[in-house]
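The chain contents come next:
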Amino acid sequence: MSDGMASQVEEQAIDWMIRQRDPAFDEWQDFTAWLDLSPDHAAVYDRIASLDTDLEHLSAPAEEIAAPRSPLLASRRTWIGGAMAAMLVGAISFSLFGSDSTRIETNAGEQRSVALADGSRIEINGGTVIELDKDRPRFARLESGEAMFHVIHRAGDPFTVEAGEARLVDLGTSFNVVRRRRTLNVAVSEGLVAYNPERENLHIKAGYGIEAGAEGGRPKVQAVDPLSIGGWRKGQLVYNGASIEQVAEDLGRTAGLSIAVSPDVAALPFRGALLVSDDKQRVIDDLTSLAGIRAEKQTEGWLLTR
Amino acid sequence: MLLLHGETRLLYIAPAEGARDGRFPNRSSQKKKHRGRSDQFMNRADRESGAARGIEAVLLANRDELLRFLAVRGAGDAAEDVFQELWVNIAGSSTGPIAQPLSYLYRAANNLMLDRYRSAQAARMREQAWGEYDRDRADPSAEQSLISREELARVDDTINRLGERAAAAFRCFRLEGMSQRDIAARLGVSLSTVEADLRKVYAALARLKGQIDE
């Protein structure tokens, strides 16, 4: 973009982009005519408009400092209504914290999103504990619960997620991690993740997931629908053979439901999709009718039995 | 939770997000649902009336014009395919009455082309970084940032260096979404000054982006 002609086209593209930000802009035929003048115009416009889109990530400095330290409870209706984008995006500023590590803890049924200094983002489901380390900006520890990681790739500086004994090393990517009581599940929606690079060194591609037992061993690899990975962010939990025990744990984390599971149904496989809503009884009814089990209302929560 | 491919039953479908400004926030995640719908679309369209039906009618009535726009906007020979995708998006979105339906459709088409460009860019960036990356599986979300946090800091720096007024005008425009007229009133300058400031900031950012990309 050094010669005069090119920069003139760039100026024109900037002009169009600025004018189009006005919701009342209606000169689309003129814009078409401009694009038609040269095939380069569309390419230059794409570059400019894409740059403008990236500026969405700019924020006023005051907003970054305002990251709340205590968990913020969002009503379930808010986030199911598709308002995830409007949800709190807490930019954790490490200088605000005394110690070198930052602990982020969410209550059951509460979701948060955290922006890291390198542009990576972690969406955190309810009932989850994550630790970040000031001295290791490309590292996160999932103590318990579930999170979706959107990692900005940096050559030679991979992002590492530690979950118990397992280490997940991103190769530039989005992936969902659940650390349950007995199992660890990783599902990759974009890019590539290495599982325990210094041991199994299993590469998980987009569209695949693994399930590893708490005691280690080679994990099972399964195909996953990339579109449904991290469905909890939209309140959708989709299963194809997970145990009732796992489903109950997920509902506790995602919806804040307190569900006990009797041993005779704990291992039953569950297939189906649940939509988390404010109507807790309805979520339970859907689960029991799909699974062919019963739920007993208790003083606090429910008990699933045959 | 591991979400498996294959047989799944959807009990309900989450409330569809409204298409603000002709943009479909959840486009990638809703694709699946739409695919099924588009097959039966013609029958459904006959039965339905109201806002959704109206916008589809406008889409079809202006098909040639929109196809020409998509072609010069960068779709070329694939304009028909993109038009189809636009149609599926429109059919699947629930919107209230739209004052300027044709403008709305142009904007949606323009955003769709930008999403395609950004997806291709994201895939290219990953591919450069990792030769072993399996391109066919790429499903980059359009919301993904193509710019890192550090680069954003350089962007901030560049804006600030253009002077207080220009930086303030730009922030009002881009971050607060104010109209140029309102910005002129707030800063107590003329409309043409605001215009010139915005052009200046964007031109500087385009130069910076050129340097970063090299």
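Worth saying up front: this structure is predicted, and the values here are computed from it rather than measured.

Novice: Tell me about the overall build of chain A, and name the residues and values.
Specialist: Within chain A, the secondary structure is distributed over eight helices and 19 strands. Counting every position in chain A, which comprises 306 residues, the buried fraction comes to 42%. Sequence-distant contacts, at least 24 apart, represent 47% of the contacts inside chain A between residues at least 6 apart.

Novice: Just give me the short version of the confidence of the model for chain A, but keep the residues and values in it.
Specialist: All names here are of chain A. The pLDDT averaged across chain A works out to 78; a share of 82% of its residues lies at or above 70. Ranking the helices and strands of chain A by mean pLDDT puts helix α2 (residues 28-37) first, with 95, and helix α5 (residues 76-80) last, with 27. Note that pLDDT drops below 50 for residues 1-5; the model gives that stretch four contacts with residues more than four away or on any other chain. With pLDDT under 50 throughout, residues 60-99 is counted as low confidence; its partners more than four residues away or in other chains account for 59 contacts.

Novice: Describe the sheet that holds strand β18 (residues 294-297) of chain A, listing the residues and the values that go with them.
Specialist: All names here are of chain A. Ordered in space as β16-β19-β18, the three strands form an open sheet in which the pairing is mixed. Looking at which strands have only one partner, the edges of the open sheet turn out to be β16 (259-261) and β18. Here the strands of the sheet are splayed against their neighbours by 30° on average, with no regard to which way each runs. Where β16 and strand β19 (residues 302-305) come together, three bridges link them in parallel fashion. Residue Ala260 lies in a different strand from β19, and its bridge partner there is Leu303.

Novice: Can you lay out the pairing of strand β5 (residues 129-133) of chain A for me, pointing to particular residues and giving the numbers?
Specialist: All names here are of chain A. On β5, burial follows the alternation: Ile130 and Leu132 on one face are buried, whereas Val129, Glu131 and Asp133 on the facing-out side are not. Sheet analysis places β5 next to strand β6 (residues 136-150), joined by five bridges and oriented antiparallel. Bridge pairing in β6 links Asp133 to Arg136.

Novice: Would you mind going over the packing of helix α8 (residues 164-174) of chain B against helix α9 (residues 180-187) of chain B in detail, with residue names and values included?
Specialist: Residues and elements named next belong to chain B. Put simply, α8 and α9 touch, their axes get as near as 10 Å, and they point 140° apart. If you check the angle between α8 and α9, you find them oblique. Where α8 crosses over α9, the two elements pack in a sense that is right-handed. Two secondary-structure elements touch here, α8 through Arg165, Ala168, Ala169, Cys172 and Phe173 and α9 through Gln180, Ile183, Arg186 and Leu187. Along the lines of polarity and charge, the residues of the contact of α8 with α9 split into six nonpolar, one polar and two charged.

The rules we used
Residues numbered from 1 in each chain as written. Chains lettered and ligands numbered in written order. Predicted model: local features only at pLDDT ≥ 70, side-chain atom pairs only at ≥ 80, totals over all residues. Helix = DSSP H or I, 4+ residues; strand = E, 2+ residues; numbered from the N terminus. Buried ≥ 20, exposed ≤ 12 C-beta atoms within 10 Å, placed from the backbone. Contact = placed C-beta atoms within 7 Å. pLDDT = per-residue confidence, 0-100. Pairing = 2+ DSSP bridges. Axes fitted to C-alpha atoms, helices over the stretch in contact; angles between N-to-C directions. Parallel < 35°, antiparallel > 145°, perpendicular 65-115°, else oblique. Left-handed = near helix turned anticlockwise from the far one by under 90°. Nonpolar A, V, L, I, M, F, W, Y, C, P; charged D, E, K, R; others polar.

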